Structures are given as C-alpha cells and as structure tokens.
Amino acid sequence: MNMRGRIRQLFELVESRGLSLAEAGQKPYAFRSTVTSDYNRRCTVPGKHMAQIVLATLNARYTHSSFGLRYLLANMGSLQSQTAMLEFVINDITVDVLAAILNQKPKIVGLGVYIWNVEPMTRLVADLKRVRPEVVIVLGGPEVSYEAAGQPIVELADYVISGEADSSFRELCTTLLRGEACETKMIQAAVPTFDQLVLPYDFYDDADVANRVIYVEVSRGCPFTCEFCLSSLDIPVRLANVELFLEAMQDLLDRGAKQFKFVDRTFNLNLRVSRQILQFFLDRLVPGLFLHFEMIPDRLPEDLRSLIAKFPPGALQFEIGVQTFNDDVGKLISRKQDNAKLADNFLYLRDHTGVHIHADLIVGLPGESLDSFAAGFDRLYELRPQEIQVGILKRLRGTPITRHDDTWEMRYSPHPPYEILSNRLLNFDDLHRLRRFARYWDLVGNSGNFVASLNLIIAVGRSPFAQFSDLCDWLHARHASRYGISLADLFASIFGYLVERYPAGSDQMIAETMWEDYIRGGRRDRPTFLKQYDLKSPQQKQAHSLPQRQARHVTPS
C-alpha cells in the first residue's frame with residue numbers, strides 16, 4: 001500500500017473508533033509532504049476532479065484564506081477523498097462561482113457565511129437552487145449561527161449548522177450520503193475540544209504559503225462578556241495540544257511561511273502558553289517573520305514584556321481592543337478593563353519594543369457621547385499606537401448589545417454590516433461625520449504614508465480629535481466621496497490644507513516634511529505640487545521584508 005493509502009486507512013481507523021489522531025498517538029504533520037503535494041492539490045483545484053461534497057466560501061480578498069473550510073476538510077475523515085475545497089472572493093461574478101462549484105458534480109455543497117459575504121452568498125444559493133435543486137446546500141458560519149429564522153439565505157438552504165461545525169458537517173454528510181434525511185433543518189453543533197479535532201495546517205498549500213496570510217489558533221473561546229462581540233458567547237476557553245500545534249508551525253516554517261495571524265481572541269490569557277509560542281518563533285527568527293496576535297490590553301507581566309522586547313521592529317503586531325476609555329460605558333456593555341495598566345503597557349511597548357500596535361476604538365456604544373469618544377481618542381493617541389482602528393458599532397446577530405436598544409434608542413441598519421445609524425447621544429449627522437473621520441484616519445493616520453506629516457496636522461498641546469476632524473471637514477468639502485481618492489490626490493490635498501493653516505512662509509518646511517513621507521514607500525517621482533521646492537534627492541531606504549503597511553511605520557535605522 002502506498003503512503004496515501006496508509007494515510008486514508010489511518011483516517012478511517014481513527015474515525016471508526018471515535019478517536020482523534022492525537023488520541024491515537026499519531027502526528028499527522030509527518031505525512032505533510034504526501035498530503036499537501038498530492039492529495040490537497042487534488043481537493044482544491046477546481047474542475048480537475050469530481051467531488052460528491054464541495055466546501056466553498058467567498059473570502060473578502062484573495063490574500064485572505066478560509067480557516068474554517070480548512071478545518072472542515074481536515075475533519076472529513078473517510079469522506080475527505082470525496083470532498084473538494086473551493087475558495088472565491090466577494091467580487092467574483094456569481095455565475096462563474098456557480099459554474100466552478102457545479103463543475104464538480106456535487107451532491108452536497110457546504111458554504112461558509114459571514115457578515116462580509118452574506119449578500120453575494122444569498123444570490124449564489126438562489127441561483128444554485130434554480131439550476132440544481134437536487135443539490136443539498138448546508139450553511140455554516142457566524143452569520144447563520146444566530147437569529148437564523150427569516151434570513152433569505154436560510155430559507156433557500158436545506159440545512160444550517162450553528163456553531164463550530166468541524167465534526168457536525170462530516171456527520172451530516174455521512175447521513176445524507178447514506179440516503180437518509182436529517183430530522184431537523186437547524187442543527188446545533190456540539191462544542192468540540194481540540195483533542196477531538198484534526199488540525200488543518202496541511203491544507204495550506206504552497207500557493208497559500210507564498211501569497212496568503214496563514215491563519216492559526218492555539219485556543220478557542222473568550223472569558224470576557226463584552227456585549228458587542230460574538231466571542232462573548234463562546235465559552236469556555238479551550239486550548240490545543242501545544243506540542244502538536246508547534247509541530248504544525250514548524251512544518252509551515254519549513255515550507256517558507258512567514259506571516260502568521262493568530263485568531264485566538266485572548267492570546268495572552270494563558271501566559272505559560274504565550275511565552276512558549278513566542279519563544280518558539282524567537283528561536284526560529286528569520287527576516288520577514290510577522291506574527292499577529294489579539295491581546296488583552298491590561299495583561300502584560302514583566303516576563304512576557306522581556307520576551308517581546310527581543311523581537312526586531314515590526315515582527316510582532318498586537319491587535320489590542322481598547323474600545324472605550326469611559327468606565328460607565330464599559331459597565332453598560334459588561335466590559336472590565338484597567339485603563340491605568342493599559343496605558344502603562346502601551347507606553348512600555350512603544351518605548352522598549354518594536355511591536356506594531358493596532359488599537360481598536362468603537363464609535364456608537366450605548367452611553368458614549370461625542371465628547372466622550374473624542375476624549376477617548378485623544379487619550380489613546382497620546383499612547384502612540386501605530387494604528388488606531390476607529391470602528392463603527394455593528395449589531396452582530398446573537399450579541400446581547402440589543403438589550404440597550406430601547407433605553408439608548410439604538411438604531412442599526414438592517415443590512416450587512418448592520419452598523420449603528422443613530423442613538424440617544426449621537427444623531428445620524430454625528431455618526432456620519434464620525435464615519436468620515438474613521439475613513440480619513442485610516443488613509444492618513446494608519447496607512448504609514450503620512451508619519452511625518454501627521455505631526456503637522458496634529459500640533460502638540462491641542463486635541464488630536466478636534467484637529468483631525470478639521471482636516472476631515474476640509475477634505476470632505478473638496479472631494480465628492482471619501483472613497484476612490486488616489487494617494488497622489490490625497491498628498492496634494494493635505495499639502496494644500498497645511499499651507500492654508502500654517503503661517504505664511506511655512507510652505508518650504510511643509511514641502512520637506514511631505515517629501516519625506518512621499519518617498520517613504522519607495523517612490524522616486526516628484527509630484528507636481530512639490531516641483532517648485534528645493535528638496536533633497538531621496539536616499540536609498542533600508543529594505544524591509546515586513547508587510548508594506550507595517551514596514552512604513554518602522555523608523556529607519
């Protein structure tokens with residue numbers, strides 16, 4: 001029997017005994033070269049082979065990969081050889097996606113449904129049912145796991161699996177392929193532990209490793225109860241076998257993977273595991289290694305700090321959910337946070353490490369006024385994170401934030417992504433102005449294209465929120481839309497704004513500052529608005545192998 005046959009026999013044996021591979025004492029990553037180079041390619045190349053089961057989704061963009069589909073495929077057991085995984089993006093033409101799926105001649109199609117793809121996915125399901133009504137459609141994903149009743153996509157589908165479907169999808173497919181029907185359309189998946197699952201990392205192929213972000217996890221669940229977040233429903237926290245997980249990471253590193261995004265909601269919850277994983281990657285540090293973690297903002301003890309400080313600038317990115325500095329708002333939404341410890345941790349990370357901090361603030365929380373949000377933004381700005389993600393509150397299906405709807409007059413759009421339109425303290429005009437603020441801040445404050453110029457936009461001693469809002473109003477008056485502005489036009493517009501705001505004779509200084517930013521990303525052309533000024537020729541910048549956005553924030557050595 002060849003290696004592939006032995007692997008299939010192993011899967012069937014383990015499944016028949018109700019065991020996981022870990023329980024059977026196996027290490028699936030030893031078989032990676034065979035599985036990935038032959039078997040996985042066969043499962044993921046559209047049209048090359050027929051499959052009874054198709055797993056598919058629409059990713060937000062090509063560089064994103066579907067972690068959920070890979071988990072499903074890894075846990076299909078004896079049905080894995082009959083399953084194809086197809087990934088598309090939300091801008092793909094629906095009929096082309098439909099053709100690729102039907103080219104496999106499937107009996108069952110499992111679709112991952114998310115807030116960003118539910119609308120095009122609904123069109124896809126409707127068309128699929130018109131063309132091949134006999135094909136069984138199974139939905140999963142957060143968008144259909146809660147409040148599913150009445151959703152058009154749910155009405156069209158045959159079955160919906162709520163929750164973590166890693167094992168439940170295989171069980172449903174087994175039943176259906178035996179010619180039996182499931183008793184109920186709505187299936188609540190049992191919450192699996194990691195020892196019941198096969199890890200999915202073999203199903204990142206060489207193209208994924210070369211071109212996509214590699215999503216990984218060492219835990220699932222969240223111990224916190226923030227009412228705006230679906231993770232507040234995902235209790236308890238479950239931990240993977242760290243040794244098996246690190247074997248998988250070593251395998252990915254050996255294959256050339258350099259960008260890892262941990263999807264754990266609270267990476268620094270278990271400090272022993274956090275240190276073990278950070279030390280693992282530090283011991284294997286190579287140029288271009290980039291690790292993204294979601295961190296609890298007020299939990300950064302000394303031994304973790306000292307380990308983090310050993311990484312080079314830009315190698316670590318921490319996504320830190322601040323959300324609000326208003327203690328009363330925090331209580332309203334069941335969020336506990338020590339803001340003094342948070343501030344101390346931010347300042348340590350900025351002053352003593354090379355961590356790229358991506359901090360989140362939310363607009364529209366119940367009890368948060370415009371003045372309160374502005375004060376929070378100013379406070380966060382002074383802590384100097386490289387990025388401040390100003391997010392608009394979304395009414396995610398299933399989250400308990402809805403209990404505030406009447407008291408705080410919360411009004412949300414009924415269409416994805418279900419953003420807040422107004423509430424008792426923020427009318428529609430206030431919120432729309434904050435939307436513009438969020439968009440322009442992402443283009444200017446977060447992009448890394450205006451690192452030096454931002455110091456001219458926001459002068460020391462004044463409110464950063466107020467000053468940047470002034471720029472937003474100025475840009476809004478000159479651009480019909482906050483989208484579709486070219487980088488060259490944005491540079492020229494900000495130059496015009498600064499020349500108008502600064503005293504006469506400041507234009508040379510402004511030009512030099514903006515020229516520094518303009519060439520930061522490797523540009524060598526001289527834009528029209530700078531041609532009249534005496535500017536130094538650009539010097540060769542230090543090359544960075546980090547992602548472009550993060551690399552622009554790294555100070556040249």
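Conventions and cut-offs
- Residues numbered from 1 in each chain as written.
- Predicted model: local features only at pLDDT ≥ 70, side-chain atom pairs only at ≥ 80, totals over all residues.
- Heavy atoms only, no water.
- Helix = DSSP H or I, 4+ residues; strand = E, 2+ residues; numbered from the N terminus.
- Buried < 20%, exposed > 50% of the residue type's maximum accessible area, 1.4 Å probe, protein only.
- Areas by Shrake-Rupley, 256 points an atom, 1.4 Å probe, with all protein chains shown as cover.
- Phe/Tyr/Trp six-rings, centres within 6.5 Å; stacked < 30°, edge-to-face > 60°.
- Lys NZ or Arg CZ within 6 Å of the ring centre and 35° of its normal.
- Pairing = 2+ DSSP bridges.
- Core = buried A, V, L, I, M, F, W, Y, C linked by side-chain atoms within 4.5 Å.
- Contact = heavy atoms within 4.5 Å.
- Salt bridge = Lys/Arg side-chain N within 4 Å of Asp/Glu carboxyl O.
- Axes fitted to C-alpha atoms, helices over the stretch in contact; angles between N-to-C directions.
- Expected span 1.5 Å × (residues − 1).
- Polar contact = N/O pair within 3.5 Å; in protein donor to acceptor, adjacent residues only side chain to side chain.
- Right-handed = clockwise from strand over helix to strand, strands pointing away.

**Let's talk about the overall build of the chain**
Line of reasoning, step 1. Within the chain, the regular secondary structure consists of 21 helices and 16 strands.
Line of reasoning, step 2. Out of the 557 residues belonging to the chain, those deemed buried represent 55%.
Line of reasoning, step 3. Counting every atom, the chain has about 24500 Å² of accessible surface; 50% of that belongs to carbon and sulfur.

**Things to note about the packing of aromatic side chains**
Line of reasoning, step 1. Summed over the entire model, instances satisfying the criterion amount to 28 aromatic pairs.
Line of reasoning, step 2. For the pair Phe437 and Phe468, a centre-to-centre distance of 5.4 Å together with 80° between the ring planes defines the contact as edge-to-face. Highlighted residues: Phe437 in helix 16 (residues 428-446) and Phe468 in helix 18 (residues 464-478), separated in sequence by 31 residues.
Line of reasoning, step 3. Residues Phe495 and Phe529 carry aromatic rings whose centres are separated by 5.1 Å and whose planes lie at 40° to one another, so their mutual orientation is tilted. With Phe495 in helix 19 (residues 487-501) and Phe529 in the loop between helix 20 (507-518) and helix 21 (548-551), the pair connects residues that are 34 residues apart, well separated along the chain. Accessibility assignment for this pair places Phe495 and Phe529 in one class, buried.
Line of reasoning, step 4. One aromatic cluster in this structure is built from Phe67, Tyr71, Tyr201, Tyr204, Phe245, Phe260, Phe262, Phe267, Phe280, Phe281, Phe293 and Phe318.
Line of reasoning, step 5. One residue, Arg220, lies across the ring of Tyr71, its end atom 4.5 Å from the ring centre.

**Overview of the pairing of strand 4 (residues 136-140)**
Line of reasoning, step 1. Most of strand 4 is tucked away: five of the five residues are buried.
Line of reasoning, step 2. Residue alternation in strand 4 divides its side chains into two sets, Val136, Val138 and Gly140 and Ile137 and Leu139, and both sets are buried.
Line of reasoning, step 3. With five bridges joining them, strand 3 (residues 108-112) and strand 4 adopt parallel strand pairing. Residue pairing for strand 4: Val109 is matched across the bridge by Ile137.
Line of reasoning, step 4. Across two bridges, the pairing between strand 4 and strand 5 (residues 159-162) is parallel. Bridged to Val138 within strand 5 is Tyr159.

**What about the nonpolar core?**
Line of reasoning, step 1. Counting residues in hydrophobic clusters, the biggest one holds 117 residues, and the most contacted among them are Tyr201, Met249, Phe260, Phe281, Phe377 and Phe468.
Line of reasoning, step 2. In contact with Phe468, not counting residues within four places along its chain, are Phe437, Tyr440, Trp441, Val444, Leu454, Ile457 and Ile458.
Line of reasoning, step 3. In terms of nonpolar packing, the next biggest core, distinct from the first, is built from 30 residues, Ala100, Val125, Val144 and Val154 among them.

**Some points on the pattern of salt bridges**
Line of reasoning, step 1. Evaluation of the coordinates by the stated rule reveals 27 salt bridges.
Line of reasoning, step 2. Asp351 is paired through a salt bridge with Arg384; the nearest N and O atoms lie 2.6 Å apart. Taken together, the residues Asp351 in helix 14 (residues 339-352) and Arg384 in the loop between helix 15 (370-382) and strand 14 (387-392) connect sequence positions 33 residues apart.
Line of reasoning, step 3. Each of Glu164, Asp166, Glu217, Arg220 and Arg238 takes part in a single network of salt bridges with overlapping partners.

**Remarks on the sheet that holds strand 10 (residues 259-262)**
Line of reasoning, step 1. Read from one edge of the open sheet, six strands run 7-10-11-12-13-14, paired in parallel fashion. Of all strands in the sheet, those with a lone pairing partner are strand 7 (214-216) and strand 14, marking the two edges. Each neighbouring strand pair of the sheet contributes to a mean axis angle of 25°, computed without reference to strand direction.
Line of reasoning, step 2. Here strand 11 (residues 290-295) pairs with strand 12 (residues 316-323) via five bridges, running parallel. Looking at the pairing, Glu294 lines up with Glu319 of strand 12.
Line of reasoning, step 3. Along the sheet face, helix 16 touches strand 13 (356-363) and strand 14 and points at about 155° away from the line of strand 14.

**Considerations on helix 16**
Line of reasoning, step 1. Taking 1.5 Å of rise per residue, 19 residues should cover 27 Å, and helix 16 covers 25 Å from first to last C-alpha, within 8% of that figure.
Line of reasoning, step 2. The backbone nitrogen of Asp429 has a side-chain oxygen 3.1 Å away, supplied by the residue at the start of helix 16, namely Asn427.

**Observations concerning the pairing of strand 5**
Line of reasoning, step 1. Burial of strand 5 is two-sided: the residues Tyr159 and Ile161 facing one way and the residues Val160 and Ser162 facing the other way are all buried.
Line of reasoning, step 2. As judged from the three bridges shared by strand 5 and strand 6 (residues 186-188), these two strands associate in the parallel manner. Paired with Ser162 across the two strands is Gln188, which belongs to strand 6.
Line of reasoning, step 3. In this fold, the crossover linking strand 5 to strand 6 by way of helix 8 (residues 168-177) has left-handed handedness.

**Observations regarding helix 3 (residues 67-74)**
Line of reasoning, step 1. Taking burial as the measure, the eight residues of helix 3 include seven buried ones, the bulk of the element.
Line of reasoning, step 2. If you check which residues of helix 3 are buried, you get Phe67, Leu69, Arg70, Tyr71, Leu72, Leu73 and Ala74.
Line of reasoning, step 3. Its side-chain oxygen placed 3.2 Å from the backbone nitrogen of Leu69, Ser66 serves as the N-cap of helix 3.

**What about the sheet that holds strand 1 (residues 53-59)?**
Line of reasoning, step 1. Taken in spatial order, the six strands make up an open sheet running 2-1-3-4-5-6, and their pairing is parallel. Among the strands making up the open sheet, the edge pair consists of strand 2 (83-89) and strand 6. Between one strand axis and the next, the sheet turns by 20° as a mean value, whatever way the strands run.
Line of reasoning, step 2. Along the sheet face, helix 4 (residues 94-102) touches strand 1, strand 2 and strand 3 and points at about 170° away from the line of strand 2.

**What about the environment of Ala374?**
Line of reasoning, step 1. Structurally, Ala374 is set in helix 15.
Line of reasoning, step 2. Owing to a relative accessible area of 12%, Ala374 belongs among the buried residues under this scheme.
Line of reasoning, step 3. Expressed as a C-alpha distance, the spacing of Ala374 and Ser469, which sit 95 residues apart in the sequence, is 10.0 Å.

Treat this as a map of the structure, not an account of what it does.
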